[in-house]
Amino acid sequence: MLDTSDIEFISRLSVFAGLESDVMALLGQLGARVDCDGGKVLFREGDPAKEMLIVVAGQLEVYKQSASGEEARIATLGPGDVAGEMSLIDIQPRSAELRTLGPTSIVVFTHGDIADVYREDPESYLLLVRNIAREISLRLRRLDATLATLILETGDSRSDD
């Protein structure tokens, strides 16, 4: 169960935009706040995906393995950022490893929690899923821009005509 300040915090995030106060209250009953020490692995790449996380305080690091097995930090997440939301859409194993960077507080929602929202209010569930899809789309657009910049910087902008 979340306290009032956590509910107020997450209600301001775009993932929860447009949800009525009764749905936010339900999410407050379903969610859990977890405080972690630094260096804690929250999930590993390839793990079954069972929840999404919202950073309340502190930072998380996102790591991805390359085809050669080398590890690269691909993102640092801070307060208000969401991780693991892709799993609510595609139901695939974790695409990256997530670690705390110093003391961190997160809010956790499981797949079951989100299913409870569906059972209580299908319209709010659809809005939540649409908000998550929008966030994933925005992230993909940023990645496309970053990839284009990297390609141009390396001088390999040829097409496969």
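Our subject is the structure that appears above.
Bear in mind the structure is a predicted one, so any value in this text is a computation, not a measurement.

1. Quick notes on the environment of R142
At step 1: With respect to the helices and strands, R142 occurs in helix 5 (residues 122-154).
At step 2: The spatial distance from the C-alpha of R142 to the C-alpha of A96 is 17 Å, given a sequence separation of 46 residues.

2. Quick notes on the packing of helix 2 (residues 21-30) against helix 4 (residues 111-120)
At step 1: Running from N to C, helix 2 and helix 4 cross one another at 145°; their axes reach a closest spacing of 10 Å. Judged by the sense of rotation from one axis to the other, the crossing of helix 2 with helix 4 is right-handed. For the pair helix 2 and helix 4, contact is made by V23, L26, L27 and L30 and by D113, D116, V117 and E120, respectively.
At step 2: Across the contact of helix 2 with helix 4, the residue classes tally to five nonpolar, no polar and three charged.

3. Section: the layout of surface pockets
At step 1: In this structure, the largest pocket spans a volume of roughly 1000 Å³.
At step 2: Those elements that provide at least two residues to the lining of the largest pocket are strand 4 (60-65), strand 5 (71-77), strand 6 (82-83), helix 3 (86-90), strand 7 (97-100) and helix 5.
At step 3: In terms of residue count, helix 5 provides more of the lining of the largest pocket than any other element does, seven residues in total.
At step 4: Residues that form the lining of the largest pocket fall into these classes: 17 nonpolar, eight polar and nine charged.

4. What about the nonpolar core?
At step 1: Residues I10, F16, L19, L27, M52, I54 and F109 are the most contacted members of the largest nonpolar core, which totals 24 residues.
At step 2: Looking at this core, the elements that each hand over two or more residues are helix 1 (4-11), helix 2, strand 3 (51-57), strand 8 (104-110), helix 4 and helix 5.
At step 3: Among the elements that take part in this core, helix 2 stands out by supplying five residues, more than any other.
At step 4: Not counting residues within four places of it along the chain, the set of residues in contact with F109 comprises L2, I10, F16, L27, G31, K50, E51, M52, I54 and I114.
At step 5: Within the second largest apolar cluster, eleven residues are counted, among which are F43, L60, A83 and L98.

5. Describing the packing of aromatic side chains
At step 1: For the structure shown, the criterion picks out two aromatic pairs.
At step 2: Between Y118 and Y125, the aromatic rings sit 5.1 Å apart at their centres with planes inclined by 75°, giving edge-to-face as the arrangement.
At step 3: A residue is classified by how much of its surface remains accessible, and Y118, at 44% relative accessible area, is partly exposed.
At step 4: Directly above the aromatic system of Y63 lies the positively charged group of R99, at a separation of 3.8 Å from the ring centroid.

6. Side note on the sheet that holds strand 8
Two orientations exist for strands paired in a sheet by backbone hydrogen bonds: parallel and antiparallel.
At step 1: Spatially, four strands are ordered 1-8-3-6 in an open sheet, and the strand pairing comes out antiparallel. Since the sheet does not close on itself, it has two edges, and those belong to strand 1 (32-36) and strand 6, each with one partner.

7. Topic: the packing of helix 4 against helix 5
Axes are the key here: two packed helices are described by the angle between their axes and the distance separating the axes.
At step 1: Interaxial distance between helix 4 and helix 5 falls to 5 Å at its minimum, and their mutual angle equals 135°. Between helix 4 and helix 5, the crossing angle belongs to the class labelled oblique. The segment helix 4 lies against helix 5, with I114, V117, Y118 and E120 engaging P122, S124, Y125 and L128.
At step 2: A class-by-class count of the residues in the contact of helix 4 with helix 5 yields six nonpolar, one polar and one charged.

8. As for helix 5
At step 1: The end-to-end C-alpha separation of helix 5 is 48 Å, in line with the 48 Å expected for 33 residues at 1.5 Å each.
At step 2: Where helix 5 is buried, its residues touch helix 2, strand 3, helix 3 and helix 4.
At step 3: Phi turns positive one or two residues past the end of helix 5, at G155, with a value near 80°.

9. Here we look at the pattern of salt bridges
At step 1: With the rule as written, the count across this model stands at ten salt bridges.
At step 2: Between D6 and R33 there is a salt bridge, with its nearest N and O atoms 2.6 Å apart. A residue pair is termed long-range when its members are at least 10 positions apart, and D6 in helix 1 and R33 in strand 1 qualify at 27 residues.
At step 3: Given the relative accessible area of 3%, D6 is considered buried.
At step 4: Taking the relative accessible area as the measure of exposure, R33 reaches 34% and is therefore partly exposed.
At step 5: For E61, the salt bridge identified is with R73, shortest N-O distance 2.9 Å. Linking E61 in strand 4 with R73 in strand 5, this pair joins segments that are twelve residues apart in sequence.
At step 6: Connected via shared salt-bridge partners are R44, E71, E97 and R99.

Reading the values: the criteria
- Residues numbered from 1 in each chain as written.
- Predicted model: local features only at pLDDT ≥ 70, side-chain atom pairs only at ≥ 80, totals over all residues.
- Heavy atoms only, no water.
- Helix = DSSP H or I, 4+ residues; strand = E, 2+ residues; numbered from the N terminus.
- Axes fitted to C-alpha atoms, helices over the stretch in contact; angles between N-to-C directions.
- Left-handed = near helix turned anticlockwise from the far one by under 90°.
- Contact = heavy atoms within 4.5 Å.
- Nonpolar A, V, L, I, M, F, W, Y, C, P; charged D, E, K, R; others polar.
- 1 Å grid on protein atoms, 1.4 Å probe; cavity = no way out; pocket = protein on both sides within 12 Å on 5 of 7 lines; lining within 4 Å.
- Points joined across faces, edges and corners; volume = space filled by probe spheres on them.
- Core = buried A, V, L, I, M, F, W, Y, C linked by side-chain atoms within 4.5 Å.
- Buried < 20%, exposed > 50% of the residue type's maximum accessible area, 1.4 Å probe, protein only.
- Phe/Tyr/Trp six-rings, centres within 6.5 Å; stacked < 30°, edge-to-face > 60°.
- Lys NZ or Arg CZ within 6 Å of the ring centre and 35° of its normal.
- Pairing = 2+ DSSP bridges.
- Parallel < 35°, antiparallel > 145°, perpendicular 65-115°, else oblique.
- Expected span 1.5 Å × (residues − 1).
- Salt bridge = Lys/Arg side-chain N within 4 Å of Asp/Glu carboxyl O.

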